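Take a look at the letters that make up each chain.
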Amino acid sequence: MIKKYKFSGNVRDDIVEKYGFDGDLLELFVGNEGPIVHKWHHYIPIYERYFAPFRATDFKFLEIGVNKGGSLQMWRKYFGTKATICSIDINPDCAQFDGQAGMVRIGSQDDPDFLRDVVAEMGGLDLVLDDGSHHMTHITKTLDILYPLLSTPGIYMVEDLHTAYWPKFGGGPGEENFFNYLTKRMHDMHHWYSGQAAERPDLAQSFSCLHVHDSIAVIEKAQVFSPVHSKIGTPA
C-alpha cells in the first residue's frame, strides 16, 4: 500500500524530508518574494537532476508558459547571466515580463512559424520545458516542431502530465494520452530488436533516452547508433 504523507505547511521541510533534496533551486523557490512561482513540490529535485549541468553556461533555454512571470525570474537566478532564456505564452498580458529576466514572446505553442521564429531569435535551442497549455494535441505538436530544432545533445521536458488522464485537456485512457505517444517512441527506440521499422524514424535517430516521473517526461536527445555487443575474455 502506498503511504500518504500529510503536508506540514512548511514548503522547505516538505521537500527536504520527502525527497531528500536541499539545494540552490529549493532556496530560490521557497525564498521567492517576486511574482508567483507555482510548482509541485516533487518537481524541484527533478529539475535539479536534469538542469544542473546547464548552470553558468551560455546555453539556450525555452520555457513554454509564462503565467505570472515568477518562474522566468527563478530560472534566471538559477542558470545565471550567460544563459539565453526565453518564455512564450499565448496571453498578451505576459508581454509585461519581457526583458525583466529574459525574453518573452507572445504566440501559440502549436504555431510552427511562431516557434521557429522564436528559436531563430534565440540563436538555437538546448533545453525545452513545456509548461504551456498541457493539452494533449498541443504537447505532441509542439514536440514535433521543436524537437528537430533542439541541439544534440539536448533535453526536452514536459511537465504537468497528469492532464494526460483528464478529458478537459484532451486526455484519457486511449491514443490521446501522451504516455501512449511516448510508449510508441519507446518501441521505436528498440526497433533493432522487434523486427519492426520505426514508426517515427525522424525521431528515433536521436531519441536516445526517456525518463518518466510523476507528471513529468524527460527526453534526452543524442545521436543514436545501432547497438553492438562483444564477448571479451578467455573461453573456459
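Look up a bit, the structure's there.
Residues numbered from 1 in each chain as written. Predicted model: local features only at pLDDT ≥ 70, side-chain atom pairs only at ≥ 80, totals over all residues. Heavy atoms only, no water.

## Regarding the sheet that holds strand E4 (residues 127–130)
Strand order in this open sheet of seven strands is E3-E2-E1-E4-E5-E7-E6, and the pairing throughout is mixed. In this open sheet, the two strands that pair with only one neighbour each are strand E3 (103–106) and strand E6 (207–213). Across this sheet, the average inter-strand angle for adjacent strands is 15 degrees, counted without regard to direction. Across four bridges, E4 lies against strand E5 (residues 154–158) in parallel orientation. Following the sheet pairing, Asp 130 is matched in E5 by Val 158. (Pairing = 2+ DSSP bridges. Helix = DSSP H or I, 4+ residues; strand = E, 2+ residues; numbered from the N terminus. Axes fitted to C-alpha atoms, helices over the stretch in contact; angles between N-to-C directions.)

## Focus on the pattern of salt bridges
Per the stated rule, a full pass over the model turns up 12 salt bridges. The partner of Lys 184 in a salt bridge is Glu 175, with the nearest N and O atoms 2.7 Å apart. Relative accessible area serves as the criterion here: at 29%, Lys 184 is assigned to the partly exposed category. Where salt bridges share partners, they join Lys 39, Asp 131 and Glu 159 into one cluster. (Salt bridge = Lys/Arg side-chain N within 4 Å of Asp/Glu carboxyl O. Buried < 20%, exposed > 50% of the residue type's maximum accessible area, 1.4 Å probe, protein only.)

## What to know about the pairing of E6
Across six bridges, the pairing between E6 and strand E7 (residues 216–221) is antiparallel. Along E7, the bridge assignment pairs Val 212 with Ala 217. Connecting E6 to the antiparallel partner E7 that follows it, the hairpin turn spans two residues, and Ser 215 within it adopts a positive phi of roughly 70 degrees.

## As for the nonpolar core
In terms of nonpolar packing, the biggest core is built from 33 residues, with Tyr 47, Phe 51, Trp 75, Phe 79 and Met 157 touching the most fellow members. Broken down by secondary-structure element, the contributors of at least two residues to this core are helix H2 (24–30), helix H3 (43–51), helix H4 (70–79), E4, E5 and E7. The biggest single contributor to this core is H3, with six residues. Those residues within four positions of Tyr 47 in sequence are excluded, and the remaining contacts are Leu 25, Lys 39, Ala 52, Trp 75, Leu 129, Met 157 and Glu 159. Among the nonpolar cores identified, the runner-up in size contains 31 residues, and Ile 64, Cys 86, Leu 146 and Phe 179 belong to it. (Core = buried A, V, L, I, M, F, W, Y, C linked by side-chain atoms within 4.5 Å. Contact = heavy atoms within 4.5 Å.)

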